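Descriptive structure summary
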Amino acid sequence: MADSDIRALPFGTLVTAMVTPFTEDGAVDFDATAQLANKLVEDGCDGLVVSGTTGETSTLEDSEKEDLFRVVAETVGGRAKVIAGTGTNHTSHSVEMARRALRAGADGQLVVTPYYNKPTQAGVVAHFEAVAAATDLPIMIYDIPGRAGIALSTDTLVRLANIPSVLALKDAKADFAAVTRVLANTTLDVYAGDDGLTLPWMAAGAVGVVSVSAHVATAQFRALVDAAAAGDFATARRIHFELDPVIRAVMTHIPGAVSAKQILKMQGVIPNATVRLPLVGPDAVEMETILTDLAEAGWDFSRARSESKA
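Residues numbered from 1 in each chain as written. Predicted model: local features only at pLDDT ≥ 70, side-chain atom pairs only at ≥ 80, totals over all residues. Heavy atoms only, no water.

The protein chain is annotated in an unreviewed UniProt entry as 4-hydroxy-tetrahydrodipicolinate synthase from Arthrobacter sunyaminii. In UniProt, the protein chain has this text filed under Function (unreviewed entry): "Catalyzes the condensation of (S)-aspartate-beta-semialdehyde [(S)-ASA] and pyruvate to 4-hydroxy-tetrahydrodipicolinate (HTPA)." (UniProt positions renumbered as here; feature names shortened; annotations may be inferred.)

1. Looking at the pattern of salt bridges
One pass over the structure, following the stated rule, counts 15 salt bridges. Its salt-bridge partner being Glu 66, residue Arg 70 comes within 3.1 Å of it at the nearest N-O pair. Pair noted here: Arg 70 and Glu 66 are both in helix 3 (residues 62–76), with a separation of 4 residues, about one helical turn. A relative accessible area of 25% places Arg 70 in the partly exposed class. Overall, the relative accessible area of 7% leaves Glu 66 in the buried class. The salt bridge involving Arg 103 is made with Glu 66; its shortest N-O contact spans 2.9 Å. On the criterion of sequence distance, the pair formed by Arg 103 in helix 4 (residues 91–104) and Glu 66 in helix 3 is long-range, its members being 37 residues apart. (Salt bridge = Lys/Arg side-chain N within 4 Å of Asp/Glu carboxyl O. Helix = DSSP H or I, 4+ residues; strand = E, 2+ residues; numbered from the N terminus. Buried < 20%, exposed > 50% of the residue type's maximum accessible area, 1.4 Å probe, protein only.)

2. Overview of the UniProt feature "active site" (unreviewed entry) in the protein chain
As recorded in UniProt, the feature "active site" (unreviewed entry) lies at Tyr 142 and Lys 170. Considering the C-alpha atoms alone, the annotated residues occupy 29 residues of sequence yet fold into one spot, their largest mutual distance being 4.8 Å. The topology assignment puts Tyr 142 in strand 5 (residues 139–143). Non-local contacts of Tyr 142, meaning those with residues more than four positions away in its chain, are made with Thr 53, Leu 110, Val 111, Val 112, Thr 113, Lys 170 and Ala 172. What Lys 170 contacts, discounting residues up to four positions off in sequence, is Leu 110, Met 140, Ile 141, Tyr 142, Asp 143, Tyr 191, Gly 193 and Val 210. (Contact = heavy atoms within 4.5 Å.)

If you want it as structure tokens, here you go:
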């Protein structure tokens, strides 16, 4: 995709929700982070979410997050959009993280629906208004009721779309009728928040995907997004089917941060698959299931299979 096309959208089209590489003792590995960010962009990503769910944001200190925003911005700034995961369930904390993201050079922010405390829709609107008022960073709303405990109603999304800096929606609600109403009644750039729904969401008018599986199959996702954007749904459908076992391997057996790191390690992209508690690595049965899915996609990790059985 040409640079002019990237600049036309505030968040890009193929956005990977990056893992946060750690050293074996659990410290943030900033060198590996920069290398991963660079590889993802070179392979086709035009946006990166830093310190989102897949980045294990809930186990990162604020200072670590700000340093991650800065490192990724310094590494890929101008070549891809750097989207800082700033959202929390504490409004003043989210405001502080938005300011840190701006200071670190991020291009925008991913702000999740406040989780756990289950505010009313009016409370959600007030939360987003406060975050938007803190900086001029563009906002991508993250609607994920499975994690947040509440869904954003269509009326709420229409209302939030009137906030000048709210420009996009990462939809992880898996409700086609609801996302259709958002597409029909707002000018928000909508992104599939479930990897396997990229094709149908883009067929309805979404601009792209915020993906975990794109870590390990970046070129295929780039081709899928480009084909769907061009209206070449025969090609997009073929790639969608090819990606199905990969997406299953990454997204359906264990948390995506864990599986993505395991596969990236097997691909030689990151030096280890360390995660922070309460996440843990896969057991032998989980690893075998992941490898079986990848084998269905034609990926040969026979050495990893042997090691998992040892």
